[in-house]
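Structural overview
What follows is the residue order along each chain.
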Amino acid sequence: MLIIPCPWCGERDESEFSYGGRAKPLPPLDAPANDWQTALHVHENPDGWHEELWFHGFGCNQWLVARRHTRTQEISGTRAPGEMS
Amino acid sequence: MSGEGQIRRLAQGGMIDRAAPLTFRFNGRAFEGFAGDTLASALIANGVDVVARSFKLHRPRGVMTDGPEEPNAIVTVGEGPDRTPNLKATEVPLTQGLVATSQNCWPSVNHDFGAVTGLMSPLLGAGFYYKTFMAPQGAWTIYENLIRRAAGLGRATEGLDPDTYEHRHAQCDVLIIGAGPAGLAAAQRLAGSGLRIMLCDERSSPGGALQATGETIGGEPGALWARTVAQSLDSSGDTTVLQNATAVWLADHRLVTIAQRLEGDSPVAQRLWFVRARHIIVATGAIERPLCFSGNDRPGVMLSSAVGAYRHRYGVAVGARAVVHANNDSGYNCLAELEAAGIDVATVVDLRPDARIGEAARVLADTIPIHADSHVMATSGRKRLQRVEVGSNADTVAQRSFDADLLCVAGGWSPTVHLLAHRGTPAQFDPDAAAFLAQPSEDHLDLAGSAAGHMELAACLESGWQAAGNALASLGHDATYRTFDQSVVSGQLPPGNLAGPWCSAQGVRKRRKAFVDLQNDVTAADLESAIAEGYDAVEHLKRYTTNGMGTDQGKLSNVLAIGIVAEITGRPIAEIGHTTFRPPYTPVTFGALTGPHTGSNLLVTRRTPFHDLHLAAGAVMEPAGAWLYPKCYPREGETIDAAIRREVLSVRGSVGVVDMATLGKFELHGPDVGEFLDRVYANRLSTLAVGRCRYAVMLREDGVVFDDGTVTRMADDIWHVTATTSHAGSVYRHLTRLLQVEWPELEVCLIDVSEQWAGLAIAGPRARDVLAGVVSDVATEPDALPFMGFRKGRAGRHDARIYRISFSGELAYEVFVPAHVAADLWHAVMEAGTPFDICAYGYEALDVMRIEKSHVADGEIDGRNVPGDLGLGRMAKRDRPFLGSALLQHYGEQRKRQPALIGLTALDGITRIPGGAVLIDRNAGGRKPIGHVTATIISPTLGKPIAMAVLDCDSHRTSQCLCAVSPAAGLEVDVAVTAMPFFDPAGDRMRA
Ligand SMILES: [Zn+2]
């Protein structure tokens, strides 16, 4: 059970959040089907740092980006999703 | 009381309360023990040798240890619903009137059918389960009955568990796991630091190994020192000490799960703690290993450390005449305990050559003869050990034989690294320590004491003291170096010069009954044959032989097995590695895991603002997801079916009212809402006029239908959308994500108002008459408020939102008011409806009417269909992309078959079409399913059975011989495709 530091609420238990997958923007709506296929179904499975989305649904109702290490589960930081790469 | 009494109870000593005798029953016989006993110690005191039978071979087994590592003494405690199987007698505190029985024996522990016939032995060799499952089909079913009867791991209880279980969450600065010397030394240093300390320990009182030895600290007995330290902690205020509390799992971010057994008068049987600590010190100790030799499972064979444990803790002498079998110096520690307990020692059999036996060990042996470079070749004795056969390691037959009823085995020590290994980093084998040692790989996590590989008391105390220093430093406290005063510590011998080979000596592996895993009856020969068959990877070997798969999870056997694999394969142990350690460390009963989350507390229960009014109106309430929702409102003497039918006919004939509060309701404000909705929904919404509503379908990113609802434009830049009850949460999450993450440039403010507005749908030909009596400040004539129109008004003194939307197919209005005045709305509707004999209707009538009107719901929107499959294809915009459109087109091109939503009616016009049935075509394809029924009713309005179904392929629509088949219900009903909607296809009624 992770402790996730919400940028707005502070450190909260994982049970307050739901997972939103890799923090990568969806393709434009008019992008070809292939881009959408890749975005939805082809996932990296990194051994190491992973930028991912979490939704603080039992808190501030905000989405956030967390940088989590998939091996140690360490979370090195969280931020608003605004400047998603 | 039994005839012999407590024949092995010493005249004095032990931590038991001799003034508090207890009676208990074991396998039907009455015995006596004392408060402070475990079931195991009480049984030993009473001279009970055979405590259980082994799992596969049903060999008689006695108590081997004094802890959670016990492989043999597995018992069922309690009777009836209170029965708990698979408990270790070494962990069961003795209580007045306790009732316990042996497991794995039939008809009795002393006369076991399986053992007498040797029935299971040839059957259950290594890889039995593998081979059986790979055998020709049916082999398993032949064996199954036989095995289930003979080899059950206890019986589960019937009926509800009467005990109460509790979950508790806690936080602390430092959690110390284990109140042995290292844990207590750490706690002692941390006390008074101002940090909040938690100390948990699996036993009923603190001290750990100090309770089981004659070790002293500062000139006083170790157990006394432990008690003094723990008491000073308890009184210091910022420390919590949990006894009978086993840390079973060290999870992410320092969350530790602790299973605590509560004794005495506590109304709670067990409490599961979830402790989040800023820093953790793992001081879980070490477990002594047995040795592998022929006949090493006979009652009377015990770990050497258990001798002292039973003497010091319970005042019990575990035998009368002993042989000690060791491969290291620590095995000699028990000699003093044996002498003190009045047990004669025949000899020490040491696997090591003479030169490797430590000088201090020789001093302990004193005049007792030592057979060096030797091993136990066999044991004998029917219900308990009687003779021990000994030979030199070079011999093939025994040279000496000793009378003994006790064989103390000392195979070295395994640090209890389980909790750290749960973190995913494997423990590394250290050849010098002959043990797997763990290395904390995370900050704020320390290992101390024998768990860290320190095998001398002074080193354990010092390492606990150091760990506390690390905790202080890492939490920003003063950690000025101080050393623990160890000048007056007198401890036991460490293992020293520990020797392999692990399987005693040459030839042992070939001999019969040289057990590695006693609980699962895995022998060295089993391991050897498994390796010969190619299962030499340690994880494969475990599964193939079941070594380490018992309730003890191989606490004694795993390292032994790995050592034997090393011997056989010639590979170094470090290269072989260990099997994965998985939580929990010890078994946790389901009740504790479930805690309070049972019955009505299993899930959150949501009640609508109309809940009490439903009850007052006689509703039968039913769970719908988290909601409690009216099923129907049966009248006096009315059946459920009759009530549903009456409610439907009442709505269709006059007027009814239904609770709409569970809908997801969202307001969207801002100039870009139209654009946002066009991107989110498949159909066009930006063109919606103010004061109008539109049905809308939302897709997932992959083009599959996600949800449907209505979109209303309440003002130029204020919109209102609904989501179905079941998707209210996921739609909100979806919309917030799109706005916050994907399209932050859109000026849209999304507000969840689901809880703020409570509404009722008034439906039926007289709905307008009722509405007119409920609302004011608003025109309700058809021209002013047309079908799919929206107006604001007043309901009594309250703001009201009126949507002319119909789910039933009748003239209908959904009226919403602020949730806190829901009751006012209800009463107003009922009063205005009285002249029209208004009736409240429930979920069932709602569902019946939507099926009659062929509206899709959860049964059709099942996460597999694109809009075209549900007849919604024409709603999708063609001229601009929206979420899901890219892959929707892709599907259209890729899929060979186009599913189709169809209406069905029973050919005979009477028989109900079974729910959940699959459709087959009797002509083509035989029994191959070609679709499934999604919703089925006998329509009260039409007087015949109808159903909705999804065909896998639209082309089956023309099939002449469709049949709905329900193997579950054993029904087959011939059906015909019919047009939808079933009722009022032109929709004149709702537009009236
Ligand atoms: Zn938050």
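Computed from a prediction, not measured in an experiment: that's the story for all the values here.

Examining the overall build of chain A
Along its length, chain A carries one helix and six strands. From first element to last, N terminus to C terminus, chain A shows the α and β order β-β-β-α-β-β-β. On the principal axes, the C-alpha backbone points of chain A span a range of 40 × 30 × 20 Å. The burial tally for chain A puts 39% of its 85 residues in the buried class. In chain A, the proportion of contacts linking residues at least 24 apart, taken out of those at least 6 apart, comes to 50%. For chain A, the computed accessible surface area is about 4,600 Å², with 49% contributed by carbon and sulfur atoms.

Observations regarding the overall build of chain B
Each helix and strand in chain B was counted, giving 24 helices and 52 strands. Along the longest, intermediate and shortest principal axes, the C-alpha atoms of chain B span 115 × 70 × 55 Å. Going through the 992 residues of chain B one by one, you find that 57% of them count as buried. Counting contacts in chain B only where the partners sit at least 6 residues apart, residues at least 24 apart contribute 67% of the total. For chain B, the exposed area adds up to about 39,400 Å²; of that, 52% sits on carbon and sulfur atoms. Averaging the positions of the 92 positive and the 110 negative side-chain charges in chain B gives two centres separated by 5 Å.

Focus on the coordination of the zinc ion
All names here are of chain A. For the zinc ion, the full set of protein donor atoms is Cys6 (SG), Cys9 (SG), His56 (ND1) and Cys60 (SG), at a range of 2.0 to 2.3 Å. Coordination at the zinc ion is tetrahedral, judged from the four donor atoms that bind it and the angles of 105 to 114° they form at the metal. Spacing between the donor residues of the zinc ion along the chain follows C-x2-C-x46-H-x3-C. Of this pair, cysteine 9 sits in the loop between strand E1 (3-6) and strand E2 (10-13) while histidine 56 sits in the loop between strand E4 (49-55) and strand E5 (63-69), placing them 47 residues apart in sequence.

Some remarks on the packing of helix H18 (residues 640-653) of chain B against helix H23 (residues 843-852) of chain B
All names here are of chain B. Contact geometry of H18 with H23 gives a least axis separation of 9 Å together with a crossing angle of 55°. Judged by the inter-axis angle, H18 sits oblique to H23. Considering how the two elements wind past one another, H18 and H23 form a crossing that is right-handed. On H23, the residues that touch Ile644, Glu647, Val648, Val651 and Arg652 of H18 are Glu844, Ala845, Val848, Met849 and Glu852. The residue makeup of the contact of H18 with H23, split by class, is six nonpolar, no polar and four charged.

Remarks on helix H13 (residues 538-545) of chain B
Residue pairs three or four apart in sequence face the same way in an α-helix, which turns once every 3.6 residues. Among all positions of H13(B), only Val538(B), Leu541(B), Lys542(B), Tyr544(B) and Thr545(B) are buried. Where H13(B) ends, the next residue or the one after it, Thr546(B), has phi of about 65°, a positive value.

Concerning the interface of chain A and chain B
At the interface, 27 residues of chain A touch 26 residues of chain B. Carbon and sulfur atoms supply 61% of the area buried between chain A and chain B, which totals about 2,300 Å² over both sides. Three residues stand out in chain A for area buried against chain B, namely Met1(A), Leu29(A) and Trp63(A), and they jointly supply 29% of the buried area on that side. Where chain A meets chain B, there are one salt bridge. Residue Arg276(B) is joined to Asp13(A) by a salt bridge in which the shortest nitrogen-to-oxygen separation is 2.9 Å. Between the two partners, chain A and chain B, sit twelve residue pairs in polar contact (both at pLDDT 80 or more).

Points about the sheet that holds strand E45 (residues 812-818) of chain B
Residues and elements named next belong to chain B. The mixed open sheet is built from seven strands, whose spatial order is E42-E43-E44-E45-E41-E35-E46. Every interior strand has two partners, whereas the edge strands, strand E42 (775-776) and strand E46 (839-840), have only one. Both E42 and strand E43 (residues 790-795) contribute to a ladder of two bridges, which runs antiparallel. Looking across to E43, one finds that serine 776 is bridged to arginine 794. In the packing of helix H22 (residues 822-833) onto the sheet, contacts are made with strand E35 (656-659), strand E41 (757-763), E43, strand E44 (798-803), E45 and E46, and the angle to E41 comes to roughly 15°.

Overview of the pairing of strand E2 (residues 29-35) of chain B
Residues and elements named next belong to chain B. One ladder, built from seven bridges, connects strand E1 (residues 17-26) with E2; its direction is antiparallel. Residue proline 21 lies in a different strand from E2, and its bridge partner there is phenylalanine 34. Linking E1 to E2, which pair antiparallel, is a turn of two residues; within it asparagine 27 sits at a positive phi near 50°.

Quick word on the environment of Arg713(B)
Residue and element names in this part refer to chain B. Its place among the elements puts arginine 713 in strand E38 (residues 705-715). On the accessibility criterion, arginine 713 (13% relative accessible area) is buried. If we ignore the near neighbours within four places in the chain, the residues touching arginine 713 are Ser686, Leu688, Ala689, Val690, Gly691, Arg692, Ile718, Trp719 and Phe790. For arginine 713, the side chain forms a polar contact with the main-chain oxygen of leucine 688, separated by 2.9 Å.

What to know about the nonpolar core
Residues and elements named next belong to chain B. Phe24, Phe26, Leu39, Tyr310, Leu335, Leu338 and Leu407 are the most contacted members of the largest nonpolar core, which totals 71 residues. Per element, the largest residue contribution to this core is six residues, and it comes from helix H1 (residues 39-45). With residues up to four places along the chain from it excluded, the contact list for tyrosine 310 reads Ala40, Ser41, Ile44, Val63, Thr65, Asp66, Thr90, Met302, Gly315, Val316 and Val318. In terms of nonpolar packing, the next biggest core, distinct from the first, is built from 51 residues, Val522, Leu560, Ile562 and Phe581 among them.

A word on the side chain of Asp659(B)
Residue and element names in this part refer to chain B. With respect to the helices, strands and loops of the structure, aspartate 659 is situated in strand E35. Lysine 665 provides the closest opposite charge to the buried, unpaired aspartate 659, separated from it by 7.7 Å. Here threonine 608 takes part through its side chain, which lies 2.7 Å from a polar atom of the side chain of aspartate 659. The contacts of aspartate 659, once residues within four sequence positions are left out, are Thr608, Phe610, His614, Tyr629, Gly759 and Leu760.

Definitions and cut-offs
- Residues numbered from 1 in each chain as written.
- Chains lettered and ligands numbered in written order.
- Predicted model: local features only at pLDDT ≥ 70, side-chain atom pairs only at ≥ 80, totals over all residues.
- Heavy atoms only, no water.
- Helix = DSSP H or I, 4+ residues; strand = E, 2+ residues; numbered from the N terminus.
- Buried < 20%, exposed > 50% of the residue type's maximum accessible area, 1.4 Å probe, protein only.
- Contact = heavy atoms within 4.5 Å.
- Areas by Shrake-Rupley, 256 points an atom, 1.4 Å probe, with all protein chains shown as cover.
- Lys, Arg positive; Asp, Glu negative; His and termini not counted.
- Charge placed at Lys NZ, Arg CZ, Asp CG, Glu CD.
- Donors = N, O, S within 2.8 Å, 3.2 Å for Na, K, Ca; no water.
- Tetrahedral: all angles 85-135°; square planar, octahedral: opposite > 155°, others 65-115°.
- Axes fitted to C-alpha atoms, helices over the stretch in contact; angles between N-to-C directions.
- Parallel < 35°, antiparallel > 145°, perpendicular 65-115°, else oblique.
- Left-handed = near helix turned anticlockwise from the far one by under 90°.
- Nonpolar A, V, L, I, M, F, W, Y, C, P; charged D, E, K, R; others polar.
- Buried area = accessible area lost by both parts, 1.4 Å probe.
- Salt bridge = Lys/Arg side-chain N within 4 Å of Asp/Glu carboxyl O.
- Polar contact = N/O pair within 3.5 Å; in protein donor to acceptor, adjacent residues only side chain to side chain.
- Pairing = 2+ DSSP bridges.
- Core = buried A, V, L, I, M, F, W, Y, C linked by side-chain atoms within 4.5 Å.

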